[in-house]
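The chain contents come next:
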Amino acid sequence: MKVEIDSFSGFRIYPSKGKLFVRGDSKVFRFASSKNSSLFLQRKNPRKIAWTQVYRRMHKKGVTEEVAKKRSRRTVKHQRGIVGADLAAIAAKRNQTAAIRSQQRLAAISKAKTEKKEKETKKAKPARAPVASGPRVSKQQMKGGKGGR
């Protein structure tokens, strides 16, 4: 015995019961009662009609068994190296004490300072040629705007 399902309400339709409606595009709709077919032909949305199965499923009505929530798996954290430092180098840096780290920082700073000083002494500034010592005139006055008012 083949039991059909109502296209609108979702109810069961037993053999020799209900109505069959075939639309112009040859899609078949089955209705258990004239009430269902009437609402379908009025283009009512079964999701908004409280007694239909679709509505009840959407609004979680009549669910007797509380299904246990699906457990989500915890993400497993992995450590891996990054560009310029492999995992061993990262672990070594992490295991250093703050004192060692500060000593290394000071050493790096002092090294950078000495390199900068060497560069400064190497690049001794050539003496600039003295500019003609005439009356000092600003750029604005040279352009001749407003005549120095």
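Located above this text is the structure these notes cover.
Residues numbered from 1 in each chain as written. Predicted model: local features only at pLDDT ≥ 70, side-chain atom pairs only at ≥ 80, totals over all residues. Heavy atoms only, no water.

Caption draft 1: Spatial organisation of the overall build of the protein chain. Each helix and strand in the protein chain was counted, giving five helices and four strands. The secondary structure elements of the protein chain, listed N-terminal to C-terminal, are β-β-β-β-α-α-α-α-α. The burial tally for the protein chain puts 8% of its 149 residues in the buried class. At a minimum sequence separation of 6, the contacts of the protein chain that also span at least 24 residues come to 28%. Working note: accessible area of the protein chain is about 14700 Å², and carbon and sulfur atoms make up 54% of it. (Helix = DSSP H or I, 4+ residues; strand = E, 2+ residues; numbered from the N terminus. Buried < 20%, exposed > 50% of the residue type's maximum accessible area, 1.4 Å probe, protein only. Contact = heavy atoms within 4.5 Å. Areas by Shrake-Rupley, 256 points an atom, 1.4 Å probe, with all protein chains shown as cover.)

Caption draft 2: Up close: helix α1 (residues 34-41). Those residues of α1 not exposed but buried are N36, S37 and L39. One side of α1 holds all its buried residues, which, seen down the axis, span an arc of 165°. Pointing more than 90 degrees away from the buried face of α1 are the exposed residues S34 and L41. In the core, the buried residues of α1 are packed alongside β4 (28-31). Where α1 terminates, the next one or two residues include R43, which has phi positive at roughly 60°. (Arc of directions from axis to C-beta.)

Caption draft 3: Representation of the packing of aromatic side chains within the structure. What the rule picks out here adds up to six aromatic pairs. Three or more aromatic residues joined by ring pairs form one cluster here, namely F21, F29, F31 and F40. The ring of W51 is capped by K35, whose NZ or CZ atom sits 4.2 Å from the centre of that ring. (Phe/Tyr/Trp six-rings, centres within 6.5 Å; stacked < 30°, edge-to-face > 60°. Lys NZ or Arg CZ within 6 Å of the ring centre and 35° of its normal.)

Caption draft 4: Expanded view of the nonpolar core. Grouped together as the largest cluster of nonpolar side chains are five residues: F8, F29, F31, L39 and I49. Setting aside chain neighbours within four positions, we find F8 in contact with R30, F31, N36, L39, F40, K44, P46, I49, W51, T52 and V54. (Core = buried A, V, L, I, M, F, W, Y, C linked by side-chain atoms within 4.5 Å.)

Caption draft 5: Examining the pairing of β4 more closely. On β4, burial follows the alternation: F29 and F31 on one face are buried, whereas V28 and R30 on the facing-out side are not. Both strand β3 (residues 19-22) and β4 contribute to a ladder of four bridges, which runs antiparallel. Bridging across to β4, F21 finds its partner in F29. In this structure, the hairpin formed by β3 and β4 is closed by a connection of five residues, where S26 is found at a positive phi of approximately 70°. (Pairing = 2+ DSSP bridges.)

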